[in-house]
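Results of the structural survey
Take a look at the letters that make up each chain.
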Amino acid sequence: MEQASQERGEGARRVRIGMLGCGTVGAAVLGLLAEHHERLDRRVGATLEVAKVAVRDTARARPVGPELLTTSVDEVLADPTIDVVVELIGGAAALEWIERALEAKKSVVTANKLLLARHGGRLVELASRHGVDLAFEGAVGGGIPIVRTLREAFASDHVISLTGILNGTSNFVLSKMLDDGASFEAALAEAQALGYAEADPTLDVGGHDAAQKLEVLAMLAFGARPGSGCSLVEGITAIEPVDHRFAARFGYRIKHLVIGRDHGDVIELRAHPTLIPERSVLANVSGVLNAVLLEGRALGPCLVYGRGAGGAPTAVSVVADLIDVCRSVAAGVRGLGTRGIGLRERQVAASAASESRYYVRFRVADRPGVMARLAGALGSHAVSIEQMVQDGEPVRPGAAATVVMLTHRAREAQVQAALAELRPEGFLIEPPRVLRIEQV
Ligand code: NDP
Ligand code: HSE
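Quick caveat: nothing in here was measured; it's all calculated off a predicted structure.

Moving on: the domain arrangement of the protein. Assigned domains within the protein: domain 1 (2-142 + 312-339), domain 2 (146-308) and domain 3 (351-437). Each of domain 1 and domain 2 has a C-alpha centre, and the two are 27 Å apart. Tallying the contact residues gives 23 residues for domain 1 and 22 residues for domain 2. Summing the contributions of domain 1 and of domain 2, the shared interface buries around 1,800 Å²; its carbon and sulfur component is 58%. Looking only at domain 1, the three residues that lose the most surface to domain 2 are Lys-113, Glu-137 and Val-140, adding up to 31% of its buried area. Counting every contact that joins domain 1 to domain 2 gives six salt bridges. A salt bridge links Lys-113 to Glu-198; its shortest N-O distance comes to 2.9 Å. Put simply, domain 1 and domain 2 have eleven residue pairs in polar contact (both at pLDDT 80 or more) between them. Those elements that place two or more of their residues in the side of domain 1 that touches domain 2 are α6 (113-129), α13 (311-331) and α14 (336-339). Per element, the largest residue contribution to the side of domain 1 that touches domain 2 is nine residues, and it comes from α6. Its residues assigned to classes, the side of domain 1 that touches domain 2 comprises nine nonpolar, seven polar and seven charged.

Written as structure tokens, this is what we have:
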């Protein structure tokens, strides 16, 4: 099928856009398109025209007139005059819609990291096969241009590693807990009210949203076909104020990090809360801000930093994609950007093999021999203790005490084996809390 605008015999004069969704991000996209329409049209070399907007409830006030609204996604997908579909509904159901749009030779712009992490390889190939584009800057890091940076700026380099904060909600919650003493529940409710959280916020605080974004970035950084998942995904729900206090005592802050490393034969992909030195750049990325520290073989370090969630920042990324995609439509070179994404199967290293330093917090009955037993179990699995403290309060013998140990570098498997050995011990009041420590 020929390009829709050409079918209409309009050359490159108009590019018609169909929107799926007009919620937090979709409404902000329509706002930016209206505010900057002259500038955007000039950049694209054609008039951008929003043709239809699919929503659930057409009675609600929207930034477009009611005549453009429909409750039928099919109506948007079946419209032969629509050149570009912007998918901002989210969730797994959008897979079929995106596939149908690409098969109908409509380029797609989406912010749906869940889908890209599961089916990104297939969707990129489908877009290439049909000679159209699949653009997804808004899927990772909200408003920060990390996809563009990897695709364009690093095209001539080899990415060795990427370390980042990629979930605005989790970073907001951790910052509120640490800086304002807020409870987890209150901080999460505020993040939801500000439009940062996913429809299901357990995706955010459970670490899955960040892990999905890491998989999307691994496509571009390491050429890794997504779908096999990260080797370790942990969220922030088990972090307690006491962990922030102990981390500070040792000169660290707790951040939810994604870590991707190319080891040549395998890649390492992990998403979990991590202690990082309080003076490091990433330790000072607070609130909804996101940041990704890339390490290029030729370039060295490169930091991309900015607002990582919310309607307006994400809309900036979506509209930037729209400019690229619509320009390709107008210039008759659709699919050019997407064809450059080369993917292959890359093996993700098992988490047991990963190595770092560890923070281990024990809540124990304070009685003779307990410290020796804790240290002994770690030692018997070749995990060496670097520092150890017991909560400063004088405690009655037999009462509960908190013991925190920082280890030297060890393998995840060794630490887990030591903790498994301790599990039956009656002096453990609750399961030990393990956090990884990284020097970033
Ligand atoms: P919202 O929940 O705010 O908006 C979803 C929109 O989809 C609403 O307009 C809703 O209609 C519409 N919708 C839902 N189901 C249907 C359906 N079956 N048919 C037609 N319309 C439907 O989501 P967000 O804007 O927050 O997120 C959209 C996408 O962007 C998601 O993939 C999300 O992961 C991603 N994203 C979100 C960010 C954020 O900060 N919020 C940041 C980066 C990415 P109605 O308005 O009538 O309810
Ligand atoms: N829920 C996501 C976050 C939105 O908090 O980072 C941005 O992708």
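So much for the structure itself; the text now carries on.
What follows covers empty space enclosed by the protein. The gaps left among the atoms become clear once a water-sized probe is rolled over them. A full pass over the atoms with the stated rule returns three cavities of 30 Å³ or more. One number sums up the size of the largest cavity: a volume of about 60 Å³. Around the largest cavity, the lining residues are Leu-174, Ser-175, Leu-178, Asp-179, His-244, Arg-253, Ile-254, Lys-255 and Ser-286. The element best represented in the lining of the largest cavity is helix α8 (residues 168-180), accounting for four residues.

What follows is about the layout of surface pockets. Taken as a whole, the largest pocket spans an internal volume of roughly 1,100 Å³. In this structure, the largest pocket is lined by 46 residues; those nearest its centre are Leu-88, Ile-89, Gly-90, Glu-198 and Ala-199. Secondary structure elements with two or more residues in the lining of the largest pocket: α2 (24-35), α6, α8, α10 (202-205) and α11 (208-222). In terms of residue class, the lining of the largest pocket is built from 15 nonpolar, 20 polar and eleven charged. Domain assignment of the residues forming the lining of the largest pocket places at least three in each of domain 1 (2-142 + 312-339) and domain 2 (146-308). Empty space within the second largest pocket amounts to approximately 330 Å³. Lining the second largest pocket are 16 residues, with Leu-150, Arg-151, Ala-155, Leu-220 and Gly-340 sitting closest to its centre. At the level of secondary structure, the elements contributing two or more residues to the lining of the second largest pocket comprise α7 (146-153) and α11.

Conventions adopted
Per chain, residues are indexed from 1 in the order of the written sequence. Labels are handed out in written order, letters beginning with A for the chains and numbers beginning with 1 for the ligands. Side-chain atom pairs in this predicted model are given and counted only at pLDDT of 80 or more, local residue features only at pLDDT of at least 70, and totals for whole chains, interfaces and linings cover all residues. Side-chain metrics rest on all non-hydrogen atoms present in the structure, leaving aside hydrogens and water. Domains are outlined according to an automatic or database domain assignment. Every residue pair with non-hydrogen atoms within 4.5 Å of one another is taken to be in contact. Computed with a 1.4 Å rolling probe, the buried area is the accessible surface lost when two parts are put together, summed over both parts. We define a salt bridge as a contact between a side-chain nitrogen of Lys or Arg and a carboxyl oxygen of Asp or Glu at a distance within 4 Å. Polar contacts, as used here, are pairs of N or O atoms within 3.5 Å; protein pairs need one atom able to donate a hydrogen and one able to accept it. Residues neighboring in sequence count only if both atoms are side-chain atoms. Each helix corresponds to a stretch of at least 4 residues labelled H or I by DSSP, and each strand to a stretch of at least 2 residues labelled E; elements are numbered beginning at the N terminus. Classes in brief: Ala, Val, Leu, Ile, Met, Phe, Trp, Tyr, Cys and Pro nonpolar; Asp, Glu, Lys and Arg charged; the others, Gly included, polar. Whether a set of points on the 1 Å grid over the protein atoms alone is a cavity depends on a 1.4 Å probe fitting there but being unable to get out, while an open set qualifies as a pocket with protein on both sides within 12 Å along at least five of seven lines; lining residues are those with an atom within 4 Å of a point. Grid points are joined across faces, edges and corners, and a volume is the space filled by probe spheres set on the points.

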